[in-house]
Amino acid sequence: IIQLYVPLNWFGTYYRQIQKNFVDMENMFDLMKEEQEVIDAPGAPGLSVVRGGIDFSNVSFGYSPEKIILKNVTFNIAPGKTVALVGQSGAGKSTIMRLLFRFYDVNSGAIMIDGQNIKTVTQASLRRAIGVVPQDTVLFNQTIKYNIKYGRISADDQEVIAAARNADIHEKILAFPQQYETQVGERGLRLSGGEKQRVAIARTILKGPQIVLLDEATSALDTQTERNIQAALARVCANKTTLIIAHRLSTIIHADEILVLREGEIIERGRHEQLLQEQGLYMEMWNQQLKNMEGEKLRDEKDFQE
Ligand code: ATP
């Protein structure tokens, strides 16, 4: 009984965490098929992805009827372009991602991919078209090779290695005791946050979806790691339709459009320079981040002197 109880309990905690944090939706769906809140329409066709254009039109949504979380959210991402979501904690950024992945159905309005309402197509086909790079990837207690290959089980070793190289984790893996056959996860080699995110990038590269959802890590990494991860992220998103939750505004100055959310509403939108000119919430957030960065720099210099 105890043996059974422990993993189940762990699973429940994990599931709640996923619902809360948009941690690792992709894995979650495979693991918890029975927990689905949405169902396929009878005879629903597969999503036919041509270029991966995304349209949110007048989307409103609440996790419960009493509390509306998203209000009339409208935006589109042209095929291959990048849109970034910014806003304070609780503004609704992850909720937008969860709706696009159809974790929940919208209350009103519609989400379309290449002109097809995501409500009308099979969930399996929708999720095949979307790759997710979460903040915190959950690793299986399996080899590192399996963990990457999970992105596309049919991939061969050469493809796994190519994906690992592109995600900038190949060299790291070669330094592991049994290289690609090394056990990772709770019962094996523990990977750092940055390494786990690179595993997620490698998985997504292998999956090769037309649409990529990215939740930028909040945890601070050292500058070099940060640069390497940014480069790997740029590779995974190249020519893909990308929606990114950005915590550091410096990473999205080149985004095609930035959406500023407050309490579930888009209150400002535009490119980085435009938004700075508007002198609204985005500018405030930007100035705040500059201040924090200067503070950190001063602290670093002080530590160095001491
Ligand atoms: P953060 O930057 O902290 O991740 P966010 O902008 O992504 O925040 P969301 O996670 O989308 O915010 O949450 C928006 C609102 O919805 C919050 O008020 C949150 O408490 C609520 N919420 C999120 N998930 C659930 C859930 N599963 N059930 C009920 N309410 C939820």
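Below is a summary of the structure that appears in this document. Since this is a predicted model, take the numbers as computed values, not measurements. (Residues numbered from 1 in each chain as written. Predicted model: local features only at pLDDT ≥ 70, side-chain atom pairs only at ≥ 80, totals over all residues.)

Here we take up the sheet that holds strand 4 (residues 108-113). Sheets are built from strands that pair by backbone hydrogen bonding, the pairs being arranged parallel or antiparallel. The strand order across the open sheet formed by 4 strands is 2-1-4-5, and the pairing between neighbours is antiparallel. Since the sheet does not close on itself, it has two edges, and those belong to strand 2 (70-77) and strand 5 (116-117), each with one partner. (Pairing = 2+ DSSP bridges. Helix = DSSP H or I, 4+ residues; strand = E, 2+ residues; numbered from the N terminus.)

What follows covers the packing of helix 6 (residues 157-166) against helix 8 (residues 193-207). For any two helices packed against each other, one specifies the inter-axial angle together with the distance between the axes. Their axes nearest at 8 Å, the elements helix 6 and helix 8 cross at an angle of 130°. Considering the angle they form, helix 6 stands oblique to helix 8. Crossing of helix 6 over helix 8 shows right-handed handedness. Two secondary-structure elements touch here, helix 6 through Glu-159, Val-160, Ala-163, Ala-164 and Asn-166 and helix 8 through Ala-202, Ile-205 and Leu-206. (Axes fitted to C-alpha atoms, helices over the stretch in contact; angles between N-to-C directions. Parallel < 35°, antiparallel > 145°, perpendicular 65-115°, else oblique. Left-handed = near helix turned anticlockwise from the far one by under 90°. Contact = placed C-beta atoms within 7 Å.)

Around the ligand, a shell composed of 12 residues is seen, among which Tyr-63, Ser-89, Lys-93, Ser-94 and Thr-95 lie nearest. At the level of elements, helix 1 (2-21) and helix 3 (93-100) are the ones that each hand at least two residues to the shell around the ligand. For the shell around the ligand, the element with the most residues is helix 3, which contributes 3 residues. For the shell around the ligand, the per-class residue count stands at 3 nonpolar, 7 polar and 2 charged. (Near = placed C-beta within 6 Å. Nonpolar A, V, L, I, M, F, W, Y, C, P; charged D, E, K, R; others polar.)

Here we come to the pairing of strand 7 (residues 211-215). The buried fraction of strand 7 amounts to 5 of the 5 residues, a majority that puts the element mostly inside the structure. Alternating residues of strand 7 divide into Ile-211, Leu-213 and Asp-215 and Val-212 and Leu-214, and every residue in both groups is buried. The sheet contact formed by strand 6 (residues 130-133) and strand 7 spans 4 bridges and is parallel. From the neighbouring strand, Val-133 faces strand 7, where its bridge partner is Leu-214. Where strand 7 lies against strand 8 (residues 241-245), 5 bridges are found, and the strand directions are parallel. Bridging from a neighbouring strand, Leu-213 pairs with Leu-243 of strand 8. (Buried ≥ 20, exposed ≤ 12 C-beta atoms within 10 Å, placed from the backbone.)

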